[in-house]
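Chain and residue survey
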Amino acid sequence: MKSHKENNRIIYAFYFFLACIGGYLAFHAMKWGPWAFSDSSAYVSAARNFASGNGFVIYQSTGRAKTLTEFPPFYSMLLSIFSGNKLDYISTIRWCNIFLFSSSIFLFSQILYSVTRKHYLSIIATLFFISSPQIVATYTSAMSEPLFLFLLLLSLFLFQILFQKDKTISPLLFIIVSSLLPITRYAGALFVGIFGISLFINSREASFIKRASNTILYYLLAFLPVGFWGLSLIYKFNKFGGKRFSLDITIFQNVVNSINEELKIIKLWIPYVEMYMNTFIETLIISIVSIFLIILIGWTIKHSLFIKSENESNQKQFFLLMILLIFGYVFFIAFTHSITIPQIDIMDRMIIPIYPLCILIFFLSLDTLINKIEIRSFLSIFIIALSFIGLRYNALRTNSYIETMNNNGYGFTARAYQQSGLINEIKKIPDDQVMISNLSGFVLFYTNRYPIQVYNFPHFSFGSGNSYGEKSFRENNAALIILFSDFSNYYGEESENLLHTLTNTLNAKYVDIEGGIYYYQ
């Protein structure tokens, strides 16, 4: 018979194998590069300029530099380290994402196993993580979310080790990693705040003064990077995060509305819900799952109050941490969304940080249930069988997404754009020439220059009037760059006639199926 040590080696080899599978899936999906949109352009442009020694700025086509205040700088700084001043940031992000996804998969599996000590639960949960279409879409993007999720999972892994009897890491490592969360995404400040609360609550063997002083020290160190960044923004621009905030009597209603928007996204994480949207089956699935989760999590909390062993104590601490992180993040996003001006829509990637936490808390609850009942073997077999129904649905959707990405790409890195001549023609435009576009983020992504953005075009030949951008177009020999697909999506049925009206008297320097470059004549 194989020894316990040999069995563990096989299991850990399997975890590594799962991580490699995830890396391959990301590699296969990003054949044309990670999908990218306007936020991606800002990150990449800031990285290029930071690598060139010009600071965390974006250059407009007029030559003016604008400091990027909307996003924290760590993701762009990291890209600049790996790519330097070269232009191939698409390849850099692709390989970074492959590494981050593979590493996140391995970390996720070890987090759950370190708490439950059950390999089969850890493997099933990891399969849900790998097969999730939302997770795969996140890790194939040119956004900061892949790095943020990796740092969050690494912070959770280190936090869990801190409270083990034979801990093998220094608390300083946990502080360093968690301090990178808010400097990657501002929402990371919420996670740092809850980590500090959990450190205070769980250090019961120390005196109150010692616990309080350690928590304060943790906050000072963990908020130091984002604190310096925030103070520099306030000193230079008298604002933080590129947004303004407003509090009024409607805040409570706005928070409730924002939470409802978040729940509309979260419910799509449940297998088969999206397939039966707006039907009785959708309501039935959500009702059954909600009732089951409320009973399961409530039962877990109740039994967590009567712990006996050290392992159960660690599991209780981690379970409560997950509860705080999930509910805290939901309310944090709802609150900040409600007071932010201008207000943006709540999107999938805003909520994605709690997706792995939801998987963790579900399987932690199942582990507690398995430990407390007598028919463990039957329940384990039932859980495995039921899990594969959900895994099959996720795997089919994820496979469809990956094949679509592999065949056509998505966003600014779509195959159609890369195979057309439009990108090369845009790059040929002289650096001192002003540019105007209906999709300035696209031009910025490939040229590192941000054109004048025109959202609402006039219903006459562009340059013959005085609407926004026309004077520069007419007097500065500016290049008008129109991306046809975005133009069509924005203007709908009137797009074809409007495009003809705008450009029929202009000099068409280059036109293909994806877009055109025009000059005033």
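Remember, it's a predicted structure, so these values are computed and weren't measured experimentally.

1. Overview of a nonpolar patch on the surface
- A cluster of nonpolar side chains, namely L217, L221, L224 and F228, defines an oily patch on the protein surface of about 380 Å² accessible area.
- Breaking the nonpolar patch down by element, the ones donating at least two residues are helix 10 (208–222) and helix 11 (224–237).
- Positionally, L224 belongs in helix 11.
- Looking at L224, the relative accessible area reads 41%, which means it is partly exposed.

2. Some words on the environment of T283
- By secondary structure assignment, the location of T283 is in helix 13 (residues 280–304).
- The class for T283 is partly exposed, based on a relative accessible area of 46%.
- When the C-alpha atoms of T283 and F378 are compared, they prove to be 29 Å apart, with 95 residues separating the residues in sequence.

3. Quick notes on the side chain of T447
- With respect to the helices and strands, the residue T447 is situated in helix 20 (residues 440–447).
- Reaching out from T447, the side chain makes a polar contact with the backbone nitrogen of R449 at a distance of 3.2 Å.
- Excluding anything up to four places from it in sequence, T447 contacts I426, K427 and M435.

4. What to know about the packing of helix 8 (residues 171–184) against helix 9 (residues 188–202)
- Where helix 8 meets helix 9, the closest approach of the two axes is 6 Å, and the angle between their N-to-C directions is 145°. Seen from above, helix 8 lies across helix 9 with left-handed handedness. Each of F174, S178, L181 and P182 in helix 8 lies in contact with helix 9, whose residues at this interface are G188, A189, F191, V192, F195 and L199.
- Residues belonging to the contact of helix 8 with helix 9 are distributed by class as follows: eight nonpolar, two polar and no charged.

5. Looking at the pairing of strand 8 (residues 507–511)
- Of the strand pairs in this sheet, strand 8 and strand 9 (residues 515–519) are connected by four bridges, and their pairing is antiparallel. Looking across to strand 9, one finds that A508 is bridged to Y518.
- Linking two consecutive strands that pair antiparallel, namely strand 8 and strand 9, is a turn of three residues.

6. Structural notes on the sheet that holds strand 5 (residues 435–437)
- Taken in spatial order, the five strands line up as 6-5-7-9-8 in an open sheet, and their pairing is mixed. This sheet does not close on itself; its edge strands, each paired only once, are strand 6 (452–453) and strand 8.
- As paired elements, strand 7 (residues 479–483) and strand 9 share four bridges and run antiparallel to each other. Note that in strand 9 the partner of I481 across the bridge is I517.
- Of the strands in this sheet, strand 5, strand 6 and strand 7 touch helix 20, which is tilted by about 135° from strand 5.

7. A few points about empty space enclosed by the protein
- Per the counting criterion, the structure on display carries two cavities of 30 Å³ or more.
- Together, F159, Q160, F163, N202, N314, Q317 and F318 line the largest cavity.
- No other element matches helix 14 (residues 310–339), which puts three residues into the lining of the largest cavity.
- Considered class by class, the residues forming the lining of the largest cavity number three nonpolar, four polar and no charged.
- Reported here for the second largest cavity is a volume of approximately 30 Å³.
- Around the second largest cavity, the lining residues are P133, Q134, L268, W269, I270, P271, Y355, Y393, N394 and R397.
- At the level of secondary structure, the elements contributing two or more residues to the lining of the second largest cavity comprise helix 6 (133–138) and helix 17 (376–408).
- Looking at the lining of the second largest cavity, the element that brings in the most residues is helix 17, giving three residues.
- Tallied by class, residues from the lining of the second largest cavity come to seven nonpolar, two polar and one charged.

8. Section: the packing of helix 8 against helix 10
- Closest axis-to-axis distance for the helix 8/helix 10 pair is 8 Å, and the angle between their directions is 55°. Comparing their axes, helix 10 and helix 8 come out oblique. The chirality of how helix 8 crosses helix 10 is right-handed. Here helix 8 contributes F174, I175, S178, S179 and P182 to the contact with helix 10, which in turn contributes Y218, L221 and A222.
- When the residues that make up the contact of helix 8 with helix 10 are grouped by side-chain class, the tally is six nonpolar, two polar and no charged.

9. Considerations on the pattern of salt bridges
- Using the criterion set out here, one finds seven salt bridges in the structure.
- Linking R185 and E145 is a salt bridge whose minimum nitrogen-to-oxygen distance equals 3.6 Å. Here E145 lies in helix 7 (residues 145–162) and R185 lies in the loop between helix 8 and helix 9, a separation of 40 residues in the sequence. Note on accessibility: R185 and E145 belong to one class, buried.

Cut-offs applied
Residues numbered from 1 in each chain as written. Predicted model: local features only at pLDDT ≥ 70, side-chain atom pairs only at ≥ 80, totals over all residues. Heavy atoms only, no water. Patch = residues over 30% accessible without salt bridge, like charges linked within 9 Å, V, L, I, M, F, W, Y side chains within 5 Å. Areas by Shrake-Rupley, 256 points an atom, 1.4 Å probe, with all protein chains shown as cover. Salt bridge = Lys/Arg side-chain N within 4 Å of Asp/Glu carboxyl O. Helix = DSSP H or I, 4+ residues; strand = E, 2+ residues; numbered from the N terminus. Buried < 20%, exposed > 50% of the residue type's maximum accessible area, 1.4 Å probe, protein only. Polar contact = N/O pair within 3.5 Å; in protein donor to acceptor, adjacent residues only side chain to side chain. Contact = heavy atoms within 4.5 Å. Axes fitted to C-alpha atoms, helices over the stretch in contact; angles between N-to-C directions. Left-handed = near helix turned anticlockwise from the far one by under 90°. Nonpolar A, V, L, I, M, F, W, Y, C, P; charged D, E, K, R; others polar. Pairing = 2+ DSSP bridges. 1 Å grid on protein atoms, 1.4 Å probe; cavity = no way out; pocket = protein on both sides within 12 Å on 5 of 7 lines; lining within 4 Å. Points joined across faces, edges and corners; volume = space filled by probe spheres on them. Parallel < 35°, antiparallel > 145°, perpendicular 65-115°, else oblique.

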